[in-house]
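Structural overview
Each chain, letter by letter, is given below.
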Amino acid sequence: MSTFEQELEASADLLKCGKISKEQGRAHARSLVWFRAHAAELAESGWSVTELYRVGTLSFPYSEWGPGWLTLWNNEKCEPRLGARGSIEFVLHEAGGDVVQTCRLEKSFLS
């Protein structure tokens with residue numbers, strides 16, 4: 001098991017933080033399954049478990065929270081995928097077409 005995968009497993013400790021709602025707890029469970037399945041690609045893209053499960057300084061959604069806490073994970077119509085340059089995209093299939101919300105890792109591509 002890689003260090004990244006070990007850190008993923010340890011992310012459950014963050015659920016004990018007083019800021020995590022029940023909805024976010026469910027999102028963690030679902031995101032963890034997806035992150036496990038895509039661990040190599042996420043690590044290769046530059047994501048760390050700390051960034052994936054960052055806990056904001058303010059209550060959700062009012063500060064910078066990692067994508068692992070987004071309640072989009074709880075929407076059955078929403079399909080996560082790894083996008084270009086390592087972004088995590090959530091595709092919501094609606095009657096008029098697809099809506100894509102993107103979580104980008106802050107890093108420079110010019111270096």
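Heads up: the structure comes first, above all this text.
Overview of the structure. (Residues numbered from 1 in each chain as written. Predicted model: local features only at pLDDT ≥ 70, side-chain atom pairs only at ≥ 80, totals over all residues. Heavy atoms only, no water.)

**Brief notes about the layout of surface pockets**
Spelled out, the test is: Put plainly, a pocket is an open set of points on a 1 Å grid over the protein atoms alone with protein on both sides within 12 Å along at least five of seven lines, a cavity is a set where a 1.4 Å probe fits but cannot get out, and a lining residue has an atom within 4 Å of a point. Grid points are joined across faces, edges and corners, and a volume is the space filled by probe spheres set on the points. Classification used: nonpolar for Ala, Val, Leu, Ile, Met, Phe, Trp, Tyr, Cys and Pro, charged for Asp, Glu, Lys and Arg, polar for all others including Gly.
Of the voids in this model, the largest pocket is the one considered here, and its volume is about 270 Å³. Around the largest pocket, the lining residues are W47, E51, R54, E64, W65, P67, L70, Q101, C103, R104, L105 and E106. Across the lining of the largest pocket, the residue classes tally to six nonpolar, one polar and five charged.

**Considerations on the pattern of salt bridges**
Cut-off, in case you're wondering: The term salt bridge refers to a side-chain nitrogen of Lys or Arg lying within 4 Å of a carboxyl oxygen of Asp or Glu. Only DSSP runs of H or I reaching four residues or more are called helices, and only runs of E reaching two or more are called strands; each is numbered from the N terminus. A simple rule labels every residue: compare its accessible area, found with a 1.4 Å probe on the protein chains alone, to the largest value its type can have, and call it buried under 20%, exposed over 50%, or partly exposed in between.
Going through the model one piece at a time under the given rule, you end up with five salt bridges. For E9, the salt bridge is made with R36, and the minimal N-O distance between the two is 2.8 Å. Of this pair, E9 sits in helix α1 (residues 3–10) while R36 is found in helix α2 (residues 22–37), placing the two residues 27 residues apart along the sequence. As a salt-bridge pair, E76 and R30 come within 2.8 Å of each other at their nearest N and O atoms. In this pair, E76 sits in the loop between α4 (49–52) and β1 (78–82) while R30 sits in helix α2, placing the two residues 46 residues apart along the sequence. Judged by relative accessible area, which is 64%, E76 ranks as exposed.

**Describing α2**
Short version of the rule: A helix's residues, less one, multiplied by 1.5 Å, set its expected span.
The end-to-end C-alpha distance of α2, which contains 16 residues, comes to 23 Å, matching closely the 22 Å that a straight helix rising 1.5 Å per residue would cover. Where α2 is concerned, the buried positions are Q24, A27, H28, S31, L32, W34 and F35.

**Some words on unusual backbone geometry**
Residue F60 is joined to P61 through a cis peptide bond whose omega torsion reads 5°. Structurally, P61 is set in the loop between α4 and β1.

**Regarding the side chain of S11**
In plain terms, the rule: In protein, a polar contact means a hydrogen-donor-capable atom and an acceptor-capable atom, both N or O and within 3.5 Å, with residues adjacent in sequence counting only if both atoms are side-chain atoms; elsewhere, any N or O pair within 3.5 Å suffices. Here, residues are in contact when the closest pair of their heavy atoms is within 4.5 Å.
Inspection of the secondary structure assignment puts S11 in the loop between α1 and α2. For S11, a relative accessible area of 3% corresponds to the buried category. In this structure the side chain of S11 is engaged in a polar contact, spanning 2.9 Å, whose partner is the side chain of H28. Beyond its immediate sequence surroundings of up to four residues, S11 is in contact with H28, L32, V49 and Y53.

**Quick notes on the sheet that holds strand β2 (residues 88–94)**
Applicable threshold: Strands are treated as partners if at least two bridges between them are detected by DSSP. Axis geometry follows a simple rule: fit a line to the C-alpha atoms, using only the stretch in contact for helices, then measure angles between N-to-C directions, giving values from 0 to 180 degrees.
Taking strand neighbours across the sheet as the criterion, the three strands line up as β1-β2-β3 in an open arrangement whose pairing is antiparallel. The sheet is open, and its two edges are formed by β1 and β3 (97–103), each paired on a single side. Shown here is a sheet whose adjacent strand axes are inclined to one another by a mean of 25°, direction ignored. Judged from the five bridges that link them, β1 and β2 form a sheet pairing that is antiparallel. Counted as the bridge partner of C78 is L92 from β2.

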